[in-house]
Amino acid sequence: MKLNYDRKSKDPTYFIQVGIRNGKKVTTKNVERIGKHSELLKITDDPLEYAKQRVKEYNENIKSSKVEYNITVNFDDKVINQGNTVSKSTCKNTGYFYLKELYSSLGISDFFDKVCSGRKIAFNPNMINMVLTFSRILDPGSKMHTLKNLTGFYGDFDFSHQDILRFMDILEENYDEYLSHLFESSNKVIKRNTNVCYFDCTNFYFEKESEDEDVYDEITGELIKGLLKYGVSKEHRPNPIVQMGLFMDADGIPLSMCINPGSDNESLCAVPAEKKMLKMFENKDIIYCSDAGLGYNDTRLFNDFGGRKFVVTQSIKKLNSILKQAVFNDYDYRFSQDGKPASLETMKTFDRTLKENRKYYDGYIYKSIPVDKLVDLGLFEVKQYKNGKTKKVKSKGNLKQRIIVTYSRKMAEYQKTVRNRQIERAKKILVNMDPDNFKKGPNDVTRFIKSDKEKKNYYLDEARIEEEAKYDGFYAVATNIFDMKETEVLDIQSRRYKIEDCFRVLKTNFSSRPVYHRKENRIKAHFLICYTALLIYRLLEVKLDRNKTHFTTEQIIETLQNMNVVNCSDMYYQACYTGSDVLDSLEQLFDLKLSRKYYQPKTLNKFKKI
C-alpha cells in the first residue's frame, strides 16, 4: 500500500492506493479515502504526515490479515462481451495447489530440463505436463478440452495444441527414463514398500473402426506389430484396444507400467515388464503377486530365482485329480483366527444364526498342500540312447511350491445364491429357446443349458450344476514361500484388490478412455500422463491415510474440484467453497492456508512459483 495524491493541486485529496498484479495485468486502485488537505487541517497541523501515518497503519493491518476496503458497486453495470460465443466462468481453481506440492517434490521439472537440454523448443514441457496431469485428475477430457479450459486454473499458462503434441513426442521418447525417475523421486516423498509387487492387466478401447496393420521393416525384415488391435475387451466393446500392464507396491502406489498391442496374451507381458522394473530396484528381492491368468509356469519359474518369490491365485478346477482329492479331503484344515484344527464338514453345517458361531461365519479354514511340478527350465541337454545316438532335448526341473487352500462358509453361500439366480435365468431362456440362434458361453448362464445330439431338445445340465456346487467357498493360492505362515501369505493375496482399484480410478475418475490419439507414440504419452496423475493421487491418498484421515476417491477429488476463488474488483479473491473434513486434513498435511475466506492476489501468486 502507498499514499496517492495530486502533488500539483493546492488542496489535494489523499488516498490509500494498492498495486495489483492479476495475471499479466497490473493495475492500481484507491481503496480508502483519507480526506482532503483542507479537511485534515481541522484535526492535524501536518495533513501529509498524518496521511503517511494512516498508510503505515493500513500496511500493519494487512500483515495481521485484517483490512477494510471501500468498494463502490453499481448494480447497473453489465458484463462485457469480449467476443466469446459462450459465457465463461470467472472462477479459478486453487485446489490443484495441493497436487502441485506433490508434483514439485517429484522433481519432474529437473527431469525435463535434463532431457530437453540442447533442444530448441519454444514451450515449457514441464508446464504442459503439469497442466495435463492436474486436468486428468480434476477435469478429465481431451487435450483440446484441457486447452480450452486453461483459464479454469489459477495461474498463467500459455501454450498451444501444437505445443502439446510436440511435448508428447518428447515424453514418449524418454518413456523408460521417465518411469524410472518417477519411482526414484517418489521414494523420497514416501518410503516405497516394494517387498510385495502386485501385477495385473487391463485394456482401453479407442474410438476407431479398424485396427493398426502390421508392417515389415524394409531393411531388417523385422515385423513391426501395430499397437491398436482387436482383442478381448474388458468392457465387451467391438473397438480396437491396447493393453496396459501395471505394477503396484504394497501401499497401492504404482511402480511401473507397460503398453502392449491389444491382441497380445496377457500372460506373456508379465516377465518382460518385471525385468524392466527390477532394473529400477537394482534386482531387489521381491514377492510377485497376481491373479491366476498372470501366474503361469513361466512367471512362477522366473520368480523362483534370484531370491524372488511368488504368490498367485490357483484355480482349483484346473488341479489334477490327486490334488483335487487333497483339497476335498477333510483333513489337516485349521481355523484362521486361532490356528486350531477345524473340520470342513463342521464349517459346512454349523448353525450360522447362533451368536457363538459368528466367528466361524466371518472366518475361514485353510490347509497347505506341498507340490513339486516339472517345468521347462529353458535349457537344453544332450540325451544319449542305448544305440549310441544322441539328441538335444529340453531340460526339466522341479518347481517346489505349495498350494494354500481356504474354505469360507460366507463365500460358499454367496456363490450358491449367485448360481441359483443364474439357474432361474437359464430356465427362462429354455422357455423361449431358439435353437438356431442359441450360443453357449463358458461363464454366462447358458453354461447350465445342455442339448441332445441333434441339438433340437434343450434342458438344464444338472451334472454341471452339481459339479460347480462342489467348489463353492473354496479358494487357493500357489506360492514358493515356505518360511511364512499360511495366513500371512493369504494376507498378501488379499491386498490384490488395490490394483483393481487403480484401474477403476484410471477409467472412471480420470476418464482415461476412450482414447482419441492415433499415433503409437502419442498413445503411449497419453498413458504416461494418466500414470503420472495416478501416482500423484495415490501419494496424496497414502499421505492422508498415514495421517489417520481416510477418504474415498470421490470425496478427495470433489473437494479439490470445488476449491474455486472469484476475483473481487481486482483487489482480493473470495473463496467459493465451504470448509470440510477433507480440506482440514489437507491443511494438516501441507499447511498452504487455503481454508481462508479471502485472499490477496500476492498470496495466491506465490503458489505459481512452487
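Residues numbered from 1 in each chain as written. Predicted model: local features only at pLDDT ≥ 70, side-chain atom pairs only at ≥ 80, totals over all residues. Heavy atoms only, no water.

Caption draft 1: Layout of the nonpolar core. Among the nonpolar cores identified, the biggest contains 99 residues, and M257 and L594 are the most heavily contacted of them. When residues of this core are assigned to their parent elements, the largest contribution, 16 residues, is made by helix α18 (residues 520-546). Those residues in contact with L594 that sit more than four places away from it in its chain are T94, F97, Y98, M563, Y577, L583, E587, Y599, L604 and F607. With 43 residues, the next largest nonpolar core counts C269, I316, M347 and Y407 among its residues. (Core = buried A, V, L, I, M, F, W, Y, C linked by side-chain atoms within 4.5 Å. Buried < 20%, exposed > 50% of the residue type's maximum accessible area, 1.4 Å probe, protein only. Helix = DSSP H or I, 4+ residues; strand = E, 2+ residues; numbered from the N terminus. Contact = heavy atoms within 4.5 Å.)

Caption draft 2: Up close: the packing of helix α3 (residues 96-105) against α18. Look at α3 against α18: their axes get within 10 Å of each other, and the N-to-C directions meet at 105°. Viewed along their axes, α3 and α18 adopt a mutual orientation that is roughly perpendicular. Counting all contacts with α3, which are made through L99, L102 and Y103, the residues of α18 involved are I536, L539, L540 and K543. (Axes fitted to C-alpha atoms, helices over the stretch in contact; angles between N-to-C directions. Parallel < 35°, antiparallel > 145°, perpendicular 65-115°, else oblique.)

Caption draft 3: Examining unusual backbone geometry more closely. P514 follows R513 through a cis peptide bond whose omega is 5°. Along the chain, P514 turns up in the loop between α17 (497-509) and α18. Positioned with a positive phi, D332 is a non-glycine residue whose angle comes to about 70°. Examined against the element boundaries, D332 turns out to sit in the loop between α11 (321-328) and β12 (334-335). When its relative accessible area of 42% is taken as the criterion, D332 is described as partly exposed. The backbone of S511 shows a phi angle near 45°, a positive value even though the residue is not glycine. In this fold, S511 is placed in the loop between α17 and α18. Note on S511: relative accessible area 32%, which makes it partly exposed.

Caption draft 4: Inspection of the environment of L150 at higher detail. Relative to the assigned elements, L150 resides in the loop between α6 (143-148) and α7 (161-173). For L150, a relative accessible area of 9% corresponds to the buried category. Note: C-alpha distance between L150 and T313 (163 residues apart in sequence) is 45 Å.

Caption draft 5: Structural detail: the packing of aromatic side chains. This structure, assessed with the given rule, holds 26 aromatic pairs. Seen in terms of ring centroids, F97 and Y154 are 6.4 Å apart; in terms of plane orientation they differ by 80°. Their pairing is edge-to-face. Separated by 57 residues along the polypeptide, F97 in helix α3 and Y154 in the loop between α6 and α7 bring together distant segments of the chain. Of the two residues examined, F97 and Y154, each falls in the buried class. (Phe/Tyr/Trp six-rings, centres within 6.5 Å; stacked < 30°, edge-to-face > 60°.)

The quantities given are spatial measurements derived from coordinates; they are silent on function.
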